[in-house]
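Residues per chain, in single letters:
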Amino acid sequence: AISALNDYRDRAADASNPQKRKPLVTGAISPPFALWAAIILAAAMVVLFIPYGPVSLALACVFLALGFAYDLGVKSTPFSGLMLGLAFPTIPLLAWDIFARLTPALFTALPLGLFLGIGLHLADALPDAEADAAAGVRGLTQVLGNYAPLACWIAFASAIILCAVLIPFTPTPPRQWVVALVGIGATLLLLAAIFTFRAPSLPDGAHFKRHFLLLVTDALLLVVAWFLAVAV
């Protein structure tokens, strides 16, 4: 639903970018189809989550509302990364409410998701920063300007520090060592991503892509560290 609405809203901007060959741009689907898909899928989500109870339904609706807010204009403001950072943590909380039970420790997903959401948003937006600015987008990447990569790395470093803080509270010493090792791996990946981004020998497209993939892998490692520290 969120993706369909996003493509519906961006169809004009996507059409002006020859590198974006999305279904609405190529004519594979029509704009009304995309809009109705968003509406029907959103309604289906609400209906399907009702049997899981009010907390799960509320969390799912929060995620949907944040996604729709992002599509409907927030992504063109400095609050763009914040929307993703608030949306990401609702997923593990939703999973635990459905399949197990929520505990206070699980809410450490909120700062972790905020750091990773902002970091990944900036990493994803960096390749298109100039083109988006030319199209009138005034998102977090455009506001930060040349400091956007640094802010991205600080967000990931903050997530690494958070996982390190959780080590003393991890239930067993063997698991504490595993969390520490995963955290070290995440730190090395972050350093590799910074080096890749700043490598002069790589063409622009390649260094952006490798930088993003390294940070996605880094985010997955940090999620594993958090999972081992508080959720298992």
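Use the structure listed above.
What counts, and where the lines are drawn
Sequence order sets the numbering: in each chain, residues are counted from 1 along the sequence as written. Restriction of local features to residues with pLDDT of at least 70 applies here, the model being predicted, together with a cutoff of 80 or more for giving and counting side-chain atom pairs; totals for whole chains, interfaces and linings are based on all residues. Excluding hydrogens and water, the side-chain values take into account all heavy atoms of the structure. Only Phe, Tyr and Trp rings are paired, with Trp represented by its six-membered ring, and only when their centres lie within 6.5 Å; those with planes under 30 degrees apart are stacked, over 60 edge-to-face, the remainder tilted. To qualify as a helix, a DSSP run of H or I must reach at least 4 residues; to qualify as a strand, a run of E must reach at least 2; elements of each kind are numbered from the N terminus. Per-residue accessibility, obtained with a 1.4 Å probe over protein chains only, is compared with the maximum for each type, and a residue is labelled buried under 20%, exposed over 50%, and partly exposed between these values. In this analysis the charged atom, NZ for Lys or CZ for Arg, is taken to sit over a ring once it is within 6 Å of the ring centre and within 35 degrees of the ring normal. Counting of polar contacts relies on pairs of N or O atoms within 3.5 Å, with two restrictions inside protein: one atom must be capable of donating a hydrogen and the other of accepting it, and residues adjacent in sequence are counted only when both atoms are side-chain atoms. Any two residues whose heavy atoms approach within 4.5 Å at even a single point are treated as in contact. Put simply, a nonpolar core is a bunch of buried Ala, Val, Leu, Ile, Met, Phe, Trp, Tyr and Cys residues held in one set by side-chain atoms that sit within 4.5 Å of each other. Axis definition: a line fit to C-alpha positions, over the contact stretch in the case of helices; interaxial angles, taken between N-to-C directions, run 0 to 180 degrees. Should an angle fall under 35 degrees it is called roughly parallel, over 145 degrees roughly antiparallel, and 65 to 115 degrees roughly perpendicular, with every other angle called oblique. A crossing counts as left-handed when the near helix is turned anticlockwise from the far one by less than a right angle, and as right-handed when that turn is clockwise. Under the scheme applied here, ten amino acids are nonpolar (Ala, Val, Leu, Ile, Met, Phe, Trp, Tyr, Cys and Pro), four are charged (Asp, Glu, Lys and Arg), and all others, including Gly, are polar.

K.L.:
Before we move on, can you summarise the packing of aromatic side chains with the specific residues and values?
P.N.:
In total, this model carries five aromatic pairs according to the counting rule given. Measuring from ring centre to ring centre gives 5.8 Å for Phe 197 and Phe 208, while their planes differ by 65°; the resulting arrangement is edge-to-face. With a gap of eleven residues between them, Phe 197 in helix H12 (residues 173-198) and Phe 208 in helix H13 (residues 204-231) connect regions that are remote in the sequence. Taken individually, Phe 197 and Phe 208 each receive the classification buried, so the pair is uniform in this respect. Among the aromatic residues, those joined into a ring-pair cluster are Trp 96, Trp 226 and Phe 227. For the cation-ring pair, Arg 11 lies above Tyr 8, with the distance from its terminal atom to the ring centre recorded as 4.2 Å.

K.L.:
Any details on the side chain of Thr 170? Residues and values, ideally.
P.N.:
Relative to the helices and strands, Thr 170 is located in the loop between helix H11 (148-166) and H12. Among the polar contacts made by the side chain of Thr 170, one reaches the main-chain carbonyl oxygen of Leu 166 at a distance of 3.1 Å. What Thr 170 contacts, discounting residues up to four positions off in sequence, is Arg 175, Gln 176, Val 179, Leu 228 and Ala 229.

K.L.:
Explain the nonpolar core to me, and be specific about the residues and the numbers.
P.N.:
Counting residues in each nonpolar core, the largest one holds 51 residues, and the members touching the most others are Leu 112, Leu 116, Cys 152, Phe 156, Leu 215, Leu 222 and Trp 226. For this core, the secondary structure elements donating two or more residues are helix H1 (2-9), helix H4 (31-49), helix H5 (54-71), helix H7 (90-99), helix H8 (109-125), H11, H12 and H13. Take this core: its biggest share by element is ten residues, from H13. Each residue touching Cys 152, except ones within four places of it in the same chain, is listed here: Gly 119, Leu 122, Ala 123, His 211 and Leu 215.

K.L.:
Can you lay out the packing of H5 against H7 for me, pointing to particular residues and giving the numbers?
P.N.:
Contact geometry for H5 and H7: axes closest at 9 Å, N-to-C directions at 160°. By the angle class used here, H5 and H7 are roughly antiparallel. Between H5 and H7 the crossing geometry is left-handed. Between H5, through Val 55, Ser 56, Leu 59, Ala 60, Val 62 and Phe 63, and H7, the contact on the second element is made entirely by Thr 90, Ile 91, Leu 93, Leu 94, Asp 97 and Ile 98. When grouped by side-chain class, the residues that make up the contact of H5 with H7 number nine nonpolar, two polar and one charged.

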